[in-house]
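Each chain, letter by letter, is given below.
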Amino acid sequence: MIMDLFDYVREKNMDSESPLASRLRPVTLDEVVGQQHIIGKDKLLYRAIKADKLSSLIFYGPPGTGKTTLAKVIANTTSAEFKQINATVAGKKDMEEVVKQAKELQGMYQKRAILFVDEIHRFNKGQQDYLLPFVEDGTLILIGATTENPYFEVNGALISRSSIFELHPLDKEDIKTLLKRAVTDVEKGMGSYGAVIEEDAMEFLADIAGGDARNALNAVELGILTTERSTDGKIHITLDVASECIQKRVVRYDKTGDNHYDTISAFIKSMRGSDPDAAVYYLAKMLYAGEDIKFIARRIMICASEDVGNADPMALNVAVSAAQAAERIGMPEAQIILSQAVLYVATAPKSNSAVNAIAAAMENVRQYKTTVPPHLQDSHYGGAKKIGHGIGYRYAHDYPHHYVEQQYLPSEIAGTKFYEASQNGYEKKISDWMEYIRNSR
């Protein structure tokens, strides 16, 4: 493959003018910072890259954790022909061209071809299906990168033919290492600018980046490019400069991805677990990321019934009222209303008796064919009483405590218990009352 002179010049210009985070990408495995759980020297992926014995891979993790970096390292390490496309812009013609070249390499030079698909979750099912036979027969070794859970977003057949490696957010020390490298590296970083990053500024950026190296590097690049030199001739990245360059923490939260599901799961479990601090934190995280307040309100209502139930019947009323009020008022005031509801549900006594009761009843309905007892059947329509409908029914309000013992369940399942009231909150009163009227007959 002969590179056109203009392509070569363009590529060199891009290397020198591209963002710091891109320029600073490592070339070898030993330069990679973080992700030692998958590329430590005793790990499978490290050995496979070093030995140039790769099979298809999918890198999955939040932005700025090194998915594309690892693909670039593989490109620099492997003897195979490395091709890269981005699923946000690539179409079927691009894939057909890659497959054509891969077949030529395989047929003419017995050389393997690696296709790196960045943001592979952006490919639709048809595009993913197109790659499958070529991955299956070895024409292509696929490396996919995605911020979404691949088990949700990637073709199951591709998943079954690939090794999944999950990348974790970088820890603070990893990001600090990259920031030092960015400021001092003359060749690929900003070392030629004579900048100095103060320790508290570096600590701040490493913390607020939230595990996203790109976020921290973009901030320090902006700081160096926009800060005037001090009297000592150096550019000082102070805490004030750092805070200006990264004004808002980037929350790892995607309303259509697994971060969404993880956060809402933690939100519900915190309310269920009676931890108001955690519950309101996850509420804040969702609101901060722009989650739909109607979606949040629905989850609060479900939790109020599923996890509180009759231990505090007011919980559902509060949740429903909050849902209506939040929708009518809108943000930002709706966050106060939702917070009130979340704190109420989180601190309310808990019972899942309603869940257990309906689940048991549904299972019973599925298993048994039953008939309504004759004395409970409707006797109002013509001729009903003549065939025994309603005969023998006892009207509860005619008896002490407005209770009378009689058979209400069908004879086939008489005596079955579906509702077991807990001993929590108001449900204990329900339990005590039911016990009292049953024993007072």
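Before reading further, recall that the structure is shown in the block above.
**A short note on the side chain of H375**
Positionally, H375 belongs in the loop between α19 (353-367) and α20 (425-439). Within polar-contact distance, the side chain of H375 engages the backbone oxygen of Q407 at 2.6 Å.

**Topic: the nonpolar core**
Counting 31 residues, the largest nonpolar core has L179, I197, L205, L217, V220 and I224 as its most contacted members. Secondary structure elements with two or more residues in this core: α2 (20-23), α10 (172-184), β6 (195-197), α11 (199-208), α12 (213-226), β7 (235-237) and α13 (239-245). When sequence neighbours within four positions are dropped, the list of residues in contact with I224 reads V183, M190, Y193, A195, I235 and I237. In terms of nonpolar packing, the next biggest core, distinct from the first, is built from 30 residues, F295, V308, A315 and L338 among them.

**Things to note about unusual backbone geometry**
Here the residue pair M331 and P332 is connected by a cis peptide bond, since its omega of 10° sits within 30 degrees of zero. Here P332 lies in the loop between α17 (314-329) and α18 (334-347). In this model, D52 sits at a positive phi of 55°, which is unusual for a non-glycine residue. Along the polypeptide, D52 turns up in the loop between α4 (44-50) and β1 (57-60).

**A look at a nonpolar patch on the surface**
A cluster of nonpolar residues, Y151, F152 and Y261, forms a patch on the protein surface that exposes about 400 Å² of accessible area. Looking at the secondary structure, you find F152 in helix α8 (residues 150-153).

About the cut-offs
Throughout this description, residue numbers start from 1 for each chain and increase along the sequence as written. For a predicted model such as this one, the threshold for reporting local features is a pLDDT of at least 70, and the threshold for listing and counting side-chain atom pairs is 80 or more; totals across whole chains, interfaces and linings nevertheless cover every residue. Heavy atoms from the whole structure form the basis of all side-chain values; hydrogens and water molecules are not counted. Per the convention used, a helix needs a DSSP run of H or I reaching at least four residues, while a strand needs a run of E reaching at least two, with both numbered from the N terminus. Identification of polar contacts relies on pairs of N or O atoms within 3.5 Å, with a donor-acceptor requirement for protein atoms, meaning one able to donate a hydrogen and the other able to accept it, and with residues adjacent in sequence counted only if both atoms are side-chain atoms. Throughout, nonpolar core names a set of buried Ala, Val, Leu, Ile, Met, Phe, Trp, Tyr and Cys residues whose side chains join them through atoms within 4.5 Å. When accessible area is computed with a 1.4 Å probe and restricted to protein chains, residues below 20% of their type maximum are described as buried, those above 50% as exposed, and intermediate ones as partly exposed. By definition in these notes, contact holds between two residues if any of their heavy atoms fall within 4.5 Å. The patches described consist of residues with a relative accessible area above 30% and no salt bridge, like charges being joined within 9 Å and nonpolar side chains (Val, Leu, Ile, Met, Phe, Trp, Tyr) within 5 Å. Computed by Shrake-Rupley with a 1.4 Å probe, the accessible areas treat only the displayed protein chains as cover when residues are assessed. Salt bridge criterion: a side-chain nitrogen from Lys or Arg within 4 Å of a carboxyl oxygen from Asp or Glu.

So yeah, pure geometry; function would need other evidence.
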